[in-house]
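A closer look at the structure
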Amino acid sequence: MKGIKRMNYFNLIYTSFYSDYMLALKVPEDACKREAKCKHFGICGGCSYQHICYKDQLRMKKEFLEKLFEREIKIIPSPKEFFYRNKIELVYAFNKLGLREKGTYKRVVNLKECCLHSEKVKEILPELHELFKEHGIESYDYLRHEGYLRYVVLRHAKFSNQHMVTFVTANEAPIISKVAESLKEHFDSIVWSINSSKADTSFGAVQQFWNSAHIEERFEDIKFKIGANTFFQNNSYVALQIYRKIKERAFGKVLDLYAGCATISAFIADNCDSVEAVEINSEAIDYGHTNLHINDITNVELLQQDVYAYLKNKQSLDFDYVILDPPRAGLERAFKHVLRLKPKSIIYLSCNPVVFRRELFFFKKFYKVSEMLAYDMFPQTPHIELLCVLERK
Ligand SMILES: C[S@@+](CC[C@H](N)C(=O)[O-])C[C@H]1O[C@@H](n2cnc3c(N)ncnc32)[C@H](O)[C@@H]1O
């Protein structure tokens, strides 16, 4: 491809440094522009491309990936351009409830709507503000580490239309219970969790729940229970397409590394002789067991372990397919053991193509790329998901 240098040591350092490809994605001069749908666009850090027609967002992503990987890549659009996200983490700070301003961690946009999550955001925000005022719910200043309510997390199971809200507080004061009681009619699940650490995350220890501790999602005939701290792919419409693709490719004896709550394992199980799934997070493992149980799946074994520790002592990986779906940082130290063990076929799902390109550079010595597809999991943003099937040479 024109103007693209061959992958070399310099590129590797470049991609290690810019481990997030967002930095490299630029809007072309000739991109078709339109009016943004959301009133907060431009100030809110939640999205960057609402003003670009969707077909050109796809073109930008495709061109970027093709330059990065020096090959043609098919990009599969999201079935929904708006209201596709099944989870939004609203920060409650400085008496504002919303997302962070574009380019700064220190300010929060007081949201009135969000066109990425669901219509429920617009409907519930005024009510939340009223309830917080009525019950004296103090916001949490994450710069000084003072205050009470840190996050309000909304989840929407798109295919079953179930809604969940999680209130994450900084301490055990039970005032939030009054807010939760008032919302019982509006949500299938209401959870109160506590994060008393300085880490600015919306994860917390579950203290109490109302109606149910989880919501249920359905991908075809497979049900998934989703809890307050459960990882679930953000765009259910695209995740279902990816899972179908993985199911089409993987069969026989399969190893699912970075398995979350066994969603991929459960979805592909009836296509496989057996699946071994490895995940580090104990809550995900618990939900994984539940998911296998409610779907009567008996050929999946779940192991709670660090992938690195799991691979380190292995002399071989006797599987037909190894699925890798690591977090944004990629395989990190587990990478050398995947290379050492050289499984027959790898299905790699990456949410960070720049990190994946770095790893692919080494994989290519032993593997050929049999398929590479990009899925637009995050319309209106620079993010993209990549699925790559590698076959040992
Ligand atoms: C991108 S998610 C994938 C989840 C799942 N495959 C899915 O489709 O929902 C990555 C998962 O890897 C887990 N994880 C992160 N580091 C890990 C490690 N070192 N060992 C095992 N699991 C890890 C996280 O807890 C998370 O559930």
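In the annotation of an unreviewed UniProt entry, the chain is listed under the name 23S rRNA (Uracil(1939)-C(5))-methyltransferase RlmD and assigned to Candidatus Iainarchaeum sp.

1. Concerning the site of the ligand
Neighbouring residues of the ligand: 17 residues in total, closest Gln233, Tyr243, Glu279, Asp306 and Asp325. Between Tyr243 and the ligand, the recorded distance is 2.7 Å, taken from a side-chain N or O atom to an oxygen atom. Within the contact set of the ligand, a nitrogen atom lies 2.9 Å away from a side-chain nitrogen or oxygen of Asp306. Here the ligand, which alone exposes 600 Å², has 85% of that area covered by the protein. Residues of the shell around the ligand, tallied by class, amount to nine nonpolar, five polar and three charged.

2. Let's talk about the sheet that holds strand S16 (residues 321-324)
Pairing is mixed across the open sheet formed by eight strands, whose spatial order is S1-S18-S19-S17-S16-S13-S14-S15. On the outer flanks of this sheet lie strand S1 (74-76) and strand S15 (300-304), each paired with one strand and no other. Averaged over all adjacent pairs, the angle separating strand axes in this sheet is 20°, with direction ignored. Two strands pair when backbone bridges link them, and strand S13 (residues 252-257) and strand S14 (residues 272-279) are joined in this way by six bridges, in the parallel orientation. When the bridges of S14 are listed, Leu257 appears paired with Val278.

3. Let's talk about the environment of Ala173
Residue placement: Ala173 occurs in the loop between strand S8 (162-169) and helix H4 (176-182). Residues Ala173 and Glu113, spaced 60 residues apart in sequence, show a C-alpha to C-alpha distance of 29 Å. Once residues lying within four places of it in the same chain are set aside, the contact partners of Ala173 are Tyr148 and Trp192.

4. Considering the nonpolar core
By size, the foremost hydrophobic cluster in this structure holds 79 residues, and its most contacted members are Phe132, Val152 and Phe167. Per element, the largest residue contribution to this core is seven residues, and it comes from helix H5 (residues 236-249). Both of domain 1 (1-81 + 232-393) and domain 2 (87-218) provide at least three residues apiece to this core. In this structure Phe167 touches Leu128, Phe132, Leu149, Tyr151, Val152, Ile176, Val179, Leu183, Ile190, Val191, Trp192 and Ser193, once residues within four positions along its chain are discounted. Counting residues in hydrophobic clusters, the runner-up holds 40 residues, among them Ile73, Tyr308, Leu341 and Leu386.

5. Concerning a nonpolar patch on the surface
Residues Phe94, Tyr105 and Leu143 make up a contiguous nonpolar surface patch of about 270 Å² in total accessible area. Looking at the secondary structure, you find Phe94 in the loop between strand S2 (87-93) and strand S3 (96-100). In this structure Phe94 comes out as partly exposed when scored by relative accessible area, which is 31%.

Calculation criteria
Residues numbered from 1 in each chain as written. Predicted model: local features only at pLDDT ≥ 70, side-chain atom pairs only at ≥ 80, totals over all residues. Heavy atoms only, no water. Near = heavy atom within 4 Å. Polar contact = N/O pair within 3.5 Å; in protein donor to acceptor, adjacent residues only side chain to side chain. Areas by Shrake-Rupley, 256 points an atom, 1.4 Å probe, with all protein chains shown as cover. Nonpolar A, V, L, I, M, F, W, Y, C, P; charged D, E, K, R; others polar. Pairing = 2+ DSSP bridges. Helix = DSSP H or I, 4+ residues; strand = E, 2+ residues; numbered from the N terminus. Axes fitted to C-alpha atoms, helices over the stretch in contact; angles between N-to-C directions. Contact = heavy atoms within 4.5 Å. Core = buried A, V, L, I, M, F, W, Y, C linked by side-chain atoms within 4.5 Å. Buried < 20%, exposed > 50% of the residue type's maximum accessible area, 1.4 Å probe, protein only. Domains from an automatic or database assignment. Patch = residues over 30% accessible without salt bridge, like charges linked within 9 Å, V, L, I, M, F, W, Y side chains within 5 Å. Salt bridge = Lys/Arg side-chain N within 4 Å of Asp/Glu carboxyl O.

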